[in-house]
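Chain and residue survey
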Amino acid sequence: MGKAMEDLHATDVTTWDMHATATPGDATEIEHSLEMLHPDVVFTARKGTFGHGMSVGGGWELTAQHLGMAKGHLYGIALTEGELHADVKVHDAKFVDADGTHITRGYGGKLSMGIGGINSCVISRPWNSA
């Protein structure tokens, strides 16, 4: 994450996609993300939608996130408060719910994790409307 964000300020990033849902290891992911990002960042967690294929196929989540950013509304995710792991709930993070959420212009990030650690971290610049 640090390398991907080295040319940005934390306040430049308005949304971030990650696992952050059902397993204890996801709590570490949210802790690190909250250390690097602004407290107002809106998190999406599409693991429940796309499954664990996100580690190799993280482009699915990144595409969904980026298309929503282009329209100014992040698409809803099938994640309820009850599905967040207890170790994730203790952190003050804002997650998109089933209705989605309005998003202001900014950068979006995607953390794709796989077995043995991080596979990739991608930052998407704001969509340019021509």
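These lines cover the structure that appears in this document, whether it is placed above or below. (Residues numbered from 1 in each chain as written. Predicted model: local features only at pLDDT ≥ 70, side-chain atom pairs only at ≥ 80, totals over all residues. Heavy atoms only, no water.)

For the rest of this paragraph, the subject is the overall build of the protein chain. Helix and strand content of the protein chain: five helices and seven strands. Start at the N end of the protein chain and walk to the C end: the helices and strands fall as β-α-β-α-α-α-β-α-β-β-β-β. The buried share of the protein chain, taken over its 130 residues, is 42%. Intrachain contacts of the protein chain at a sequence separation of at least 6 include 70% that bridge at least 24 residues. When the accessible area of the protein chain is evaluated, it comes to approximately 6,900 Å², of which 55% is carbon and sulfur surface. (Helix = DSSP H or I, 4+ residues; strand = E, 2+ residues; numbered from the N terminus. Buried < 20%, exposed > 50% of the residue type's maximum accessible area, 1.4 Å probe, protein only. Contact = heavy atoms within 4.5 Å. Areas by Shrake-Rupley, 256 points an atom, 1.4 Å probe, with all protein chains shown as cover.)

Applying the stated criterion across every chain, the model contains three salt bridges. Taking the shortest distance from any N to any O, the salt bridge between Asp-17 and Lys-110 comes out at 2.9 Å. Of this pair, Asp-17 sits in strand β1 (residues 13–17) while Lys-110 sits in strand β6 (residues 107–114); the two residues are 93 residues apart in sequence, bridging distant segments of the chain. In terms of burial, Asp-17 and Lys-110 fall into one category: buried. Between Asp-40 and Lys-94 there is a salt bridge, and its shortest N-O distance comes to 2.8 Å. In this pair, Asp-40 sits in the loop between α1 (25–36) and β2 (42–44) while Lys-94 sits in strand β4 (residues 94–95), placing the two residues 54 residues apart along the sequence. What makes Asp-40 partly exposed here is its relative accessible area of 48%. (Salt bridge = Lys/Arg side-chain N within 4 Å of Asp/Glu carboxyl O.)

Taking 1.5 Å of rise per residue, 13 residues should cover 18 Å, and helix α4 (residues 59–71) covers 18 Å from first to last C-alpha, within 8% of that figure. Gly-72 occupies a position one or two residues after α4 and carries a positive phi of about 80 degrees. (Expected span 1.5 Å × (residues − 1).)

Throughout the structure, instances matching the rule amount to one aromatic pair. Note on Phe-43 and Phe-95: the rings are 5.7 Å apart at their centroids and 40 degrees apart in plane angle, and the pair reads as tilted. With Phe-43 in strand β2 and Phe-95 in strand β4, this residue pair connects regions lying 52 residues apart in the sequence. When its relative accessible area of 0% is taken as the criterion, Phe-43 is described as buried. (Phe/Tyr/Trp six-rings, centres within 6.5 Å; stacked < 30°, edge-to-face > 60°.)

On to the nonpolar core. One finds Val-13, Trp-16, Ile-30, Leu-37, Val-41, Phe-43 and Leu-74 to be the most contacted residues of the largest nonpolar core, which totals 23 residues. Elements represented by at least two residues in this core include exactly β1, α1 and β2. The residues contacting Leu-74, other than those within four sequence positions of it, are Thr-15, Val-42, Thr-44, Gln-65, Gly-68, Met-69, Val-96, Gly-100, Thr-101 and Ile-103. (Core = buried A, V, L, I, M, F, W, Y, C linked by side-chain atoms within 4.5 Å.)

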